[in-house]
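For reference, the chains in residue letters:
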Amino acid sequence: MANVSKKICLLTLNDFALLSFSCVIDVLRVANRFASGSQYEWIVSSPDGSAVISSCGVKVAVDGALTDVRHCDRVIVFASNDGQLFREPETISRLQSMSVQGVKMGSVSSGSFVLANAGLLDGYRATIHWENLPVFRELYPDVYATNQIFEFDRDRFTCSGGTAALDMMLMLVEQDFSGELAMQVQQMFQHDRRRSSRDQQKMADRFDLIGLSPKLADVVELMQRNIEDPLSPKELAAHVDVSLRQLERLFNKYRGTTPQRYYIRLRLEHARELLLHTSRSGLDVAIASGFSSHSHFIKSYRDLFGITPHEERRSAA
């Protein structure tokens, strides 16, 4: 493996989550342990160079202020849960100038607020913790906000926080160096399955809808409770006391799709979890996900995920 060093600046703001920070920095540390030479260098910074206090009260020393960082390949921002309130002009300006210089910008959970405040996520796919998604979408309509656990879009990479930071960093190691190195790091953390950018936050979708359309949120909950024996669109509409036409309008307005397509995606995501975490046969998985035809299940799965159920399981193995 070529000894090509990547320098990463970790920008920490007070009240940041220590778990995600540890996931990020430990992936870099373990990658260096298995690689031939130091593949990663990192520097911990804060807006003014002062030590920061994490959300659990642990004080973290930093190497200096963000404005003192002269060269790096990437910046990863860690912020508090109310990161949308961060407006420190000098830090925002510095992030913008680093982006112009070609520095790749990343964030963990509420760090996405900071990058969005700087206009650095406009036109990009990006994610944030499901709890913050409704506010994020409202404040930054020019960002294509998703409920994936992490997103890579050109020179931007964002994740939803928690252990999703581990999955994002493993993907980064694979992109930078090799899948073999990423697997070695994964195994050191007893991480049984590395999630991909296709994986969604479990709570994100319904939580997002509660404030926008309670009726639609109730329909989504009904769908989630009726995977093996799917309800028809008419039955769903009747359960929440709306017409079928109203239900279709709600799905189009808030999810940009039809009730049928939304429902089948939920069922296929359920099938994917069964494929990856159980030894049930493909036919059993199809039935448990509401498909009466195995061939229809395979075709639907390939249309959504780009691979067949058998290929998915073989790849995970």
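Provided above is the structure to which this section pertains.
Residues numbered from 1 in each chain as written. Predicted model: local features only at pLDDT ≥ 70, side-chain atom pairs only at ≥ 80, totals over all residues. Heavy atoms only, no water.

A.B. asks: Could you clarify how one ought to interpret the overall build of the chain in this entry?
C.D. replies: The number of helices and strands found in the chain is 14 helices and 11 strands. Here the chain has a C-alpha radius of gyration of 21 Å; the compact-globule value for 317 residues is 20 Å, and the two agree. Sorting the 317 residues of the chain into buried and exposed places 49% on the buried side. In the chain, once contacts between residues fewer than 6 apart in sequence are set aside, the share between residues at least 24 apart is 64%. (Helix = DSSP H or I, 4+ residues; strand = E, 2+ residues; numbered from the N terminus. Rg over C-alpha atoms; globule rule 2.2 N^0.38 Å. Buried < 20%, exposed > 50% of the residue type's maximum accessible area, 1.4 Å probe, protein only. Contact = heavy atoms within 4.5 Å.)

A.B. asks: Would you explain the side chain of R74 in this entry?
C.D. replies: Locating R74 in the fold gives a position in strand β6 (residues 74-78). Residue classification places R74 among the buried residues on the basis of a relative accessible area of 4%. The residues contacting R74, other than those within four sequence positions of it, are K6, K7, I8, C9, V103, K104, F157, L172 and D176.

A.B. asks: I would appreciate a short explanation of the pattern of salt bridges in the present structure.
C.D. replies: It is possible for side chains bearing opposite charge to pair when their charged atoms get close. If you walk through the whole model with that rule in mind, you get nine salt bridges. Here R125 ties to E151 by a salt bridge, and the two come within 2.9 Å at their closest N and O atoms. Of this pair, R125 sits in strand β8 (residues 125-127) while E151 sits in strand β10 (residues 150-153), placing them 26 residues apart in sequence. Relative accessible area serves as the criterion here: at 5%, E151 is assigned to the buried category. Put simply, R156 and D155 hold a salt bridge, and the shortest N to O gap is 3.4 Å. Judged by relative accessible area, R156 falls into the buried class, the value being 5%. (Salt bridge = Lys/Arg side-chain N within 4 Å of Asp/Glu carboxyl O.)

A.B. asks: What is the right way to read the nonpolar core from this model?
C.D. replies: Most often, soluble globular proteins keep nonpolar side chains buried together rather than apart. Core analysis: the largest hydrophobic core is formed by 36 residues, its most contacted members being L10, V24, I76, F78, V108 and M169. For this core, the secondary-structure elements that each account for two or more residues are β1 (6-12), α1 (18-34), β2 (40-46), β6, β11 (156-159), α5 (164-176) and α6 (179-188). Every residue in contact with V108, bar those within four places of it in the chain, is listed here: S20, V24, I76, V77, F78, C159, G161, A165 and M168. (Core = buried A, V, L, I, M, F, W, Y, C linked by side-chain atoms within 4.5 Å.)

A.B. asks: Is there a simple way to think about the pairing of β6 in this case?
C.D. replies: Consecutive side chains of a regular strand alternate in pointing toward one face of the sheet and then the other. Summarising burial for β6: five of the five residues are buried, a large majority. Pairing between β1 and β6: five bridges, direction parallel. Bridging across to β6, L10 finds its partner in I76. The sheet contact formed by β6 and strand β7 (residues 104-108) spans five bridges and is parallel. Counted as the bridge partner of F78 is V108 from β7. For the crossover that starts at β6, traverses helix α2 (residues 89-100) and ends in the parallel β7, the hand is right-handed. (Pairing = 2+ DSSP bridges. Right-handed = clockwise from strand over helix to strand, strands pointing away.)

A.B. asks: Can you walk me through the sheet that holds β6 in this structure?
C.D. replies: Whether parallel or antiparallel, the strands of a sheet pair through hydrogen bonds between backbone atoms. Spatially, seven strands are ordered β5-β2-β1-β6-β7-β11-β10 in an open sheet, and the strand pairing comes out mixed. The outermost strands of the open sheet, each flanked by one partner alone, are β5 (64-65) and β10. Sitting on the sheet, α1 is in contact with β1, β2, β6 and β7, with an inclination near 155° to β2. Together, β1, β2, β6, β7, β10 and β11 form the strand contacts of α5, whose direction differs from that of β10 by roughly 30°. (Axes fitted to C-alpha atoms, helices over the stretch in contact; angles between N-to-C directions.)

A.B. asks: Where do I start with unusual backbone geometry in this structure?
C.D. replies: With glycine set apart, most residues show a phi of negative sign, and most peptide bonds adopt trans. The residue S109 is not glycine, and still its phi comes out positive at about 50°. Mapped onto the elements of the fold, S109 is located in the loop between β7 and α3 (111-117). Phi is positive for Q190, close to 55°, though the residue is something other than glycine. Locating Q190 in the fold gives a position in the loop between α6 and α7 (204-210). Overall, Q190 belongs to the exposed group, its relative accessible area being 67%.

A.B. asks: Would you take a moment to explain the side chain of E151 for this structure?
C.D. replies: At 2.9 Å, the side chain of E151 forms a polar contact with the side chain of R125. The residues touching E151, leaving out its near neighbours within four places in the chain, are R125, A126, T127, T146, R156, F157 and T158. (Polar contact = N/O pair within 3.5 Å; in protein donor to acceptor, adjacent residues only side chain to side chain.)

The analysis is restricted to geometry; functional conclusions fall outside its scope.
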